[in-house]
Amino acid sequence: MATLTENANWGTELWDQYDNLSIHTLKGIDFLERYGHFVRDRATIESEYAYKLRRLVKNYQPKKKDEEDYQFTSCRAFKALMTEINDMAGQHEVVAEDLQANVIRELTALVKDLREERKKQLQEGQRLSQSLQTQIESLQRAKKAYDKAFKEAEKAIDGFQKADADFNLSRAEVEKHRANMAHKTQTCDQAKNEYAVQLQQTNQLQRQHFRSGLPEVFRQLQDLDEKRIKNIKNFIKGSVELERNVFPIINKCLDGVLKAADIINEKEDTLLVIEKYKSGFQPPEDFPFEDLSKGGSDSGSANNLNNIQLGSKIKDGGYTVKGTITGKAMKKRAGIFNIFGSRGKLTEVCMAIKNAAIADGKEDLSELPPNQRRKKLMQKIEELKTKVTQETAARDGLMKMKGVYEGNPALGDPRTIESQLNECSHRLEKLQQDLVRYQGYLDEVVKGIQSGNLTNSVTGSPRLLNGSSRIHRNSGGSAAEENSLSRSASDSSVTNTTLNNIKRSAPGTPQLNHGCSNSPESGLGTSHTSLHHADSDQDQYDGNHADPESEYYEADVLPAIGICRALYAFEAASEGSIPMAQDEELHLIEVDQGDGWTRVRRINGEFEEGFVPTTYIETSLFNT
């Protein structure tokens, strides 16, 4: 193989390989275009791979119902792993986009330029070759004409010589041959001169063609081919650099996967399983020995054994481990609440009390095992604390804004903030009451766990039991009890308002504290008019007057002790409360007893009194 130097070029080494160089450059450009297709398909694969990775991560994302399981370290590690895989998919998308922008686009433009440049150079080479070929053909024609003229001149000279030597010819004929010889000789000289000129021009053009014209074309084709080869090299290196640029991020993603694996702790997951499923109940006691020889022990032993056997029905919703009745089984024991008979309004009302008791049990999560109840209550308390913090910040902001408006009235009217401030304060008060209530539930659970009293029986919430114990008024009760009944009303009004407790307040009004045992919504704050209606309803359903033991207490009309004005409208949502319009003035009958409700009576119109939220009004007491 010959040694090539940097000065070697196609123009000198391959001066006669025009056709082969044309084919070679065409194949080279086709190869470059094929490489571009390869890079394009590679970018498509990277993009599809990234898409499938993202889809894979999306398909394995935890469903909402499974989010609770992702507190375990293995599940959290898997979730973190999917996050890293999603980031890796993003890096593959970067590779695909960079290949498309930095390689494929430039390569496509290069192929187009190379084809146009090659076509231009080949056309120039064809033009030079055509010019040389035309000159060569002119030379050949001149040479043929010279050959013909030379032969005719020789023939004319030979004819003259023969005629001049022949004495039989006349002088005129000899002169004729002489003139022909002179003419042919002159024509031959002209053809000779034309041939010489064409030969000189052809040689000069041929030298230019093979020494400067065609070599320049070949040099341009050589530069074109070298440019193609060099760019293939650059494109390959550029593709590698594009991938290397994402390697550090991919390595970080892989490091993140390793960190996710490191957080997996089998002991911690074991403790979480215990925390998640631990009921807090004590294991069942030993089976007692049944001594059949002793009389009177069969009943107790059988009952004890039955209680333990009944404990196995916990999955059916019948009993707990201790054999006590669960909340689910309580729904089937409607007979205990049918003490007023199968007919009449009190039967339906008492069923409402029972449903309210079950609902209250769900509110304080008493249907859950102690340990699970404690966990849920702690979560609820944290949520309430967060909301209290948010509402406190909102209230403080409104108070600051009100202070700014009061200091500079040009900025705004402070009265526009008052309604928002009252609503915010009411919401904050409601949240604080809920927080105290749930903290009480939590304290109750914690004390139960510490004392070991972990039975899961449904005993009813104290609020409901206290309320239901006031259904009948003892005729021999004290004046304090009667005063309490004047506040809490009769059994019918209590149960009616218990039914209304399920209802919600009208839209657009702040939420009231329906959980308060002294609110009208719970049936413990009804008006005198509601007491009267409850009595007449009872007579209507029973068909006769009530027994003296269950007569309802009806007090005299109380005098007004002041005037109050409604800060904003209130829609009555339950028995015992009355609606009021904004800026309406009413008589103040009874001040707030700490339950958030104030008793009022309308000034104009028919006699109507009831309870309204204390935060909705501003009061002014009469001077005594």
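Reading the values: the criteria
- Residues numbered from 1 in each chain as written.
- Predicted model: local features only at pLDDT ≥ 70, side-chain atom pairs only at ≥ 80, totals over all residues.
- Heavy atoms only, no water.
- Helix = DSSP H or I, 4+ residues; strand = E, 2+ residues; numbered from the N terminus.
- Buried < 20%, exposed > 50% of the residue type's maximum accessible area, 1.4 Å probe, protein only.
- Contact = heavy atoms within 4.5 Å.
- Areas by Shrake-Rupley, 256 points an atom, 1.4 Å probe, with all protein chains shown as cover.
- pLDDT = per-residue confidence, 0-100.
- Salt bridge = Lys/Arg side-chain N within 4 Å of Asp/Glu carboxyl O.
- Polar contact = N/O pair within 3.5 Å; in protein donor to acceptor, adjacent residues only side chain to side chain.
- Pairing = 2+ DSSP bridges.
- Axes fitted to C-alpha atoms, helices over the stretch in contact; angles between N-to-C directions.
- Parallel < 35°, antiparallel > 145°, perpendicular 65-115°, else oblique.
- Nonpolar A, V, L, I, M, F, W, Y, C, P; charged D, E, K, R; others polar.
- Phe/Tyr/Trp six-rings, centres within 6.5 Å; stacked < 30°, edge-to-face > 60°.
- Core = buried A, V, L, I, M, F, W, Y, C linked by side-chain atoms within 4.5 Å.
- Expected span 1.5 Å × (residues − 1).
- Arc of directions from axis to C-beta.

K.L.:
What's the story with the overall build of the chain in this structure? I'm lost.
P.N.:
Within the chain, the secondary structure is distributed over 14 helices and five strands. Looking at the chain as a whole, 35% of its 624 residues are labelled buried. Nonlocal contacts in the chain, meaning residues at least 24 apart in sequence, comprise 70% of its contacts between residues at least 6 apart. When the accessible surface of the chain is totalled, it reaches about 38400 Å², and 52% of it is carbon and sulfur.

K.L.:
What exactly am I supposed to notice about the confidence of the model for the chain here?
P.N.:
Atomic detail in the predicted coordinates should be set aside for any region of low pLDDT. A residue-level look at the chain finds 71% of positions with pLDDT of 70 or above and a mean pLDDT of 74. Every residue in residues 297-347 is under pLDDT 50, and counting partners more than four places away or in other chains gives 67 contacts. Note that pLDDT drops below 50 for residues 455-555; the model gives that stretch 178 contacts with residues more than four away or on any other chain.

K.L.:
What is the right way to read the pattern of salt bridges from this model?
P.N.:
Pairs may arise between side chains of opposite charge once their charged atoms sit close together. Evaluation of the coordinates by the stated rule reveals 30 salt bridges. Among the ionic pairs, arginine 219 bridges to aspartate 223, the shortest N-O distance being 3.0 Å. Linking arginine 219 with aspartate 223, this pair stays in helix 4 (residues 171-262), spanning four residues, or about one helical turn. One connected set of salt bridges, linked through shared partners, spans Glu590, Arg599, Arg601 and Glu609.

K.L.:
Explain the environment of glutamate 590 here, please?
P.N.:
Secondary-structure assignment places glutamate 590 in strand 2 (residues 585-590). Classification of glutamate 590 as buried rests on a relative accessible area of 17%. For glutamate 590 and isoleucine 561, which are 29 residues apart along the polypeptide, the C-alpha to C-alpha distance reads 7.3 Å.

K.L.:
What exactly am I supposed to notice about the side chain of arginine 602 here?
P.N.:
Looking at the element boundaries, arginine 602 is found in strand 3 (residues 597-602). Polar contacts involving the side chain of arginine 602 include one to the side chain of glutamate 584, which spans 2.6 Å. At 3.0 Å, the side chain of arginine 602 and the side chain of glutamate 608 are in polar contact. With residues up to four places along the chain from it excluded, the contact list for arginine 602 reads Ile578, Pro579, Met580, Glu584, Leu586, His587 and Glu608.

K.L.:
How do you make sense of the sheet that holds strand 4 (residues 609-613) when you look at a structure like this?
P.N.:
An order of 4-3-2-1-5 is seen for the five strands of this open sheet, with the pairing classed as antiparallel. If you trace the sheet from one side to the other, it starts and ends with strand 4 and strand 5 (617-621), each paired once. Each strand axis lies, on average, 40 degrees off the axis of its neighbour in the sheet, ignoring direction. Relative to strand 2, strand 1 (residues 562-566) is paired through four bridges, and the arrangement is antiparallel. Bridging across to strand 2, cysteine 564 finds its partner in leucine 586.

K.L.:
Please explain the packing of helix 5 (residues 266-277) against helix 9 (residues 370-407) as it appears in this structure.
P.N.:
Any two packed helices are characterised by the angle at which their axes cross and by the distance between the axes. It is at 7 Å that the axes of helix 5 and helix 9 come closest, and there the two elements cross at 95 degrees. By the criterion of interaxial angle, the relationship of helix 5 to helix 9 is roughly perpendicular. The segment helix 5 lies against helix 9, with Glu275, Lys276 and Tyr277 engaging Asn371, Gln372, Arg374 and Lys375. Its residues assigned to classes, the contact of helix 5 with helix 9 comprises one nonpolar, two polar and four charged.

K.L.:
I would appreciate a short explanation of the environment of glycine 213 in the present structure.
P.N.:
Tracing the chain through its elements places glycine 213 in helix 4. Spatially, the C-alpha atoms of glycine 213 and glycine 11 are 9.2 Å apart, while their sequence positions differ by 202 residues. Each residue touching glycine 213, except ones within four places of it in the same chain, is listed here: Leu128 and Gln208.

K.L.:
Got a minute to help me understand unusual backbone geometry in this structure?
P.N.:
Residues apart from glycine generally show negative phi values, whereas peptide bonds are mostly found in trans. Of note in the backbone geometry, aspartate 583 takes a positive phi value of approximately 70 degrees without being a glycine. Mapped onto the fold, aspartate 583 is located in the loop between strand 1 and strand 2. A relative accessible area of 46% places aspartate 583 in the partly exposed class.

K.L.:
So what exactly am I meant to see when it comes to the packing of aromatic side chains here?
P.N.:
Aromatic rings in a pair are described by how distant their centres are and how their planes are angled relative to each other. Evaluated as defined, the whole model comprises nine aromatic pairs. Ring geometry for tyrosine 438 against tyrosine 441: centres 5.5 Å apart, planes inclined by 85 degrees, an arrangement best described as edge-to-face. Of this pair, tyrosine 438 and tyrosine 441 both sit in helix 10 (residues 415-451), three residues apart, roughly one helical turn. Across this residue pair, the class does not change: tyrosine 438 and tyrosine 441 are buried. Between phenylalanine 570 and tyrosine 616, the ring centres sit 5.5 Å apart and the planes meet at 80 degrees, which makes this aromatic pair edge-to-face. Of the two residues, phenylalanine 570 sits in the loop between strand 1 and strand 2 while tyrosine 616 sits in the loop between strand 4 and strand 5, which places them 46 residues apart along the sequence. Taken as a pair, phenylalanine 570 and tyrosine 616 share a single burial class, namely buried. Pairwise contacts between aromatic rings join Tyr568, Phe570, Trp597 and Tyr616 into one cluster.

K.L.:
Please clarify how the nonpolar core should be interpreted in this entry.
P.N.:
General note: in soluble globular proteins, nonpolar side chains tend to be found buried as a group. Core analysis: the largest hydrophobic core is formed by 27 residues, its most contacted members being Leu32, Val39, Leu99, Val103, Leu107, Leu114 and Phe235. Of all the secondary structure elements, the ones that give two or more residues to this core are helix 2 (18-59), helix 3 (73-165) and helix 4. Examining the composition of this core, we find that twelve residues originate from one element, helix 3, more than from any other. Once residues lying within four places of it in the same chain are set aside, the contact partners of valine 103 are Val39, Asp98, Phe235, Ser239 and Leu242. Counting residues in each nonpolar core, the second largest holds 13 residues, with Cys564, Tyr568, Phe570 and Val600 among its members.

K.L.:
What am I meant to see in helix 5 here?
P.N.:
Residue pairs spaced three or four apart in an α-helix point in one direction, given the helix's 3.6 residues per turn. In this model helix 5 runs 17 Å from its N-terminal to its C-terminal C-alpha over twelve residues, within 8% of the 16 Å that 1.5 Å per residue would give. All of the buried residues along helix 5 are Asp269, Leu272 and Lys276. Buried residues along helix 5 cover an arc of 55 degrees about the axis, so they all sit on one side. In helix 5, those exposed residues whose orientation departs by more than 90 degrees from the buried face are Lys267 and Leu271.

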